[in-house]
Amino acid sequence: LSSDKPKEVINAVEWLSSTHAHGVPHTKLHDYITELFTHRDDQVRLAALEAVDKLGLELKTAQLRKLTAEDYSPLIREVAARIVSKNAPSIGNELLYRPDMAVRKGAILGLLSGEPNHSFALTALEAMRQNSNANSQLATLTIVRSLKLTRYIDFVKESFGHPVAEVVGGAHVAAGARIIKDHAARRAL
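Each chain carries its own residue numbering, running from 1 in the direction its sequence is written. Given that this is a predicted model, residues contribute local features only at a pLDDT of at least 70 and side-chain atom pairs are listed and counted only at 80 or more, while totals for whole chains, interfaces and linings are drawn from all residues. Computation of side-chain values covers all heavy atoms of the structure but excludes hydrogens and water.

A. Up close: the overall build of the protein chain. Counting from the N terminus, the helices are DSSP H or I runs at least four residues long and the strands are E runs at least two residues long. Broken down by element type, the protein chain carries 12 helices and zero strands. For the protein chain, the sequential pattern of α-helices and β-strands runs α-α-α-α-α-α-α-α-α-α-α-α. In terms of C-alpha radius of gyration, the protein chain reaches 18 Å, essentially the compact-globule figure of 16 Å for 189 residues. If one aligns the C-alpha atoms of the protein chain with their principal axes, the spans along those axes are about 50 × 30 × 25 Å. Exposure classes here rest on a 1.4 Å probe applied to the protein chains alone. A residue is buried below 20% of its type maximum, exposed above 50%, and partly exposed in between. The proportion of buried residues among the 189 residues of the protein chain is 46%. The long-range share in the protein chain, meaning contacts at least 24 apart out of those at least 6 apart in sequence, stands at 54%. Accessible surface for the protein chain amounts to roughly 10,000 Å². Of this, 51% is attributable to carbon and sulfur atoms. Only four residue types enter the tally: Lys and Arg on the positive side, Asp and Glu on the negative side; His and the chain ends are excluded. Throughout, a charge is located at the NZ atom of Lys, the CZ atom of Arg, the CG atom of Asp or the CD atom of Glu. Each charge sign in the protein chain was given a centre, from 24 positive and 21 negative side chains, and these centres are 4 Å apart. As defined in this context, the radius of gyration uses C-alpha atoms, and a globule is described by 2.2 Å times the residue total to the power 0.38. Whether two residues are in contact is decided by their heavy atoms: any pair within 4.5 Å suffices. Computed with a 1.4 Å probe, the accessible areas rest on the Shrake-Rupley method; for each residue, only the protein chains presented here act as cover.

B. Representation of the pattern of salt bridges within the structure. What counts as a salt bridge is simple: a side-chain nitrogen of Lys or Arg found within 4 Å of a carboxyl oxygen of Asp or Glu. A full pass over the atoms with the stated rule returns 10 salt bridges. Arg82 is paired through a salt bridge with Glu50; the nearest N and O atoms lie 3.3 Å apart. On the criterion of sequence distance, the pair formed by Arg82 in helix α5 (residues 74-87) and Glu50 in helix α3 (residues 42-55) is long-range, its members being 32 residues apart. Arg82 sits in the buried class, given a relative accessible area of 18%. The exposure class of Glu50 is partly exposed, given its relative accessible area of 33%.

Okay, here's the thing in structure tokens:
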């Protein structure tokens, strides 16, 4: 975990998180992993966040809030927002109103993964869907794909006709993620 080579650190984190920490005491594991939140490499920080989520380590919400507000990597901000929103829905509700798309996306994912009918998260997702900006459309498609939100099948279909190629590609990925369970509905795309 203290290697100068990011790949070695990531491998160590993955090894610890894949085999129930190999007997490492929970408090030590918590300390080792959370120290990596300040690592210079964003892939190491991401691996640490994913390990926290996978192992169910309890974090202070302040740690995660700091990452959502200050980390330079949009993916780190998104994952931190997802984890804190899942574990502390009241904070997730606050994050839904941040201007940062990555944070809003993470908050929606975290809130809906814990409570699929979370009204504030669904309202934020609907606002994101209605925004014609390509980044907003892509974020919506990613959420729809990740959570397999079948109620957005029509949105996915409409996205095939979007003028931005990335959005069309996102629609293909979302459709391929089996959000459309009915074979006939998939063929209709």
